[in-house]
Amino acid sequence: QVQLVESGGALVQAGGSLRLSCAASGSFFSTAAMGWYRQAPGKQRELVATITSGGNTNYADSVKGRFTISRDNAKNTVYLQMSSLKPEDTAVYYCNAQVALYFRGNYNSYWGQGTQVTVSS
């Protein structure tokens, strides 16, 4: 079983910063791309940022220049440093990882349980 455990969500004032963490645990061979998605009330889940195992990153236009995604491959952990937060960043943030359970196995998508980020104006 693979588990993704997120942490770091909180209530913060506009203009503030937060750092989210997501650690993958369990029995698996490797992780490929990892990323963060978010879902605001009444809206669809949307991509925030992704990072490959080699460190290539991709960001939603709405967070470029404010958020930074990084990862520690040795710890199977992905981070999201969020700065200059805005009320519209309020959402449940979900971690995602592409995980292969076995050597040469297929990569499957796993999700964390979500962590709430609330930005007050």
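Values in this document were obtained by computation on a predicted structure and should not be read as measured data. (Residues numbered from 1 in each chain as written. Predicted model: local features only at pLDDT ≥ 70, side-chain atom pairs only at ≥ 80, totals over all residues. Heavy atoms only, no water.)

Colleague: Looking at this structure, how should I read the packing of aromatic side chains?
Modeller: Under the definition given, this model contains two aromatic pairs. With a centroid separation of 5.5 Å and an interplanar angle of 65 degrees, the aromatic rings of phenylalanine 29 and phenylalanine 103 are classed as edge-to-face. One end of the pair, phenylalanine 29, is in the loop between strand S3 (18-26) and strand S4 (30-39); the other, phenylalanine 103, is in the loop between strand S9 (91-100) and strand S10 (107-111), and 74 residues separate them in sequence. On the accessibility criterion, phenylalanine 103 (58% relative accessible area) is exposed. A centroid spacing of 5.1 Å and a plane angle of 65 degrees characterise the contact between tyrosine 37 and tryptophan 111, whose relative ring orientation is edge-to-face. In this pair, tyrosine 37 is assigned in strand S4 and tryptophan 111 in strand S10, connecting sequence segments 74 residues apart. Relative accessible area serves as the criterion here: at 39%, tryptophan 111 is assigned to the partly exposed category. (Phe/Tyr/Trp six-rings, centres within 6.5 Å; stacked < 30°, edge-to-face > 60°. Helix = DSSP H or I, 4+ residues; strand = E, 2+ residues; numbered from the N terminus. Buried < 20%, exposed > 50% of the residue type's maximum accessible area, 1.4 Å probe, protein only.)

Colleague: Sorry, what's going on with the sheet that holds strand S8 (residues 77-82) here?
Modeller: Strand pairs in the sheet, formed through backbone hydrogen bonds, run parallel or antiparallel to each other. In spatial order, the strands read S1-S3-S8-S7; together these four strands make up an open sheet with antiparallel pairing. Here the strands that pair on one side only, and so sit at the sheet edges, are strand S1 (2-7) and strand S7 (67-72). Along the sheet, successive strands turn relative to each other by an average axial angle of 15 degrees, direction set aside. Pairing analysis gives six bridges linking S1 to S3, with the strands arranged antiparallel. Looking at S3, one finds that glutamate 6 is bridged to cysteine 22. (Pairing = 2+ DSSP bridges. Axes fitted to C-alpha atoms, helices over the stretch in contact; angles between N-to-C directions.)

Shape is all these values report; function is a separate question.
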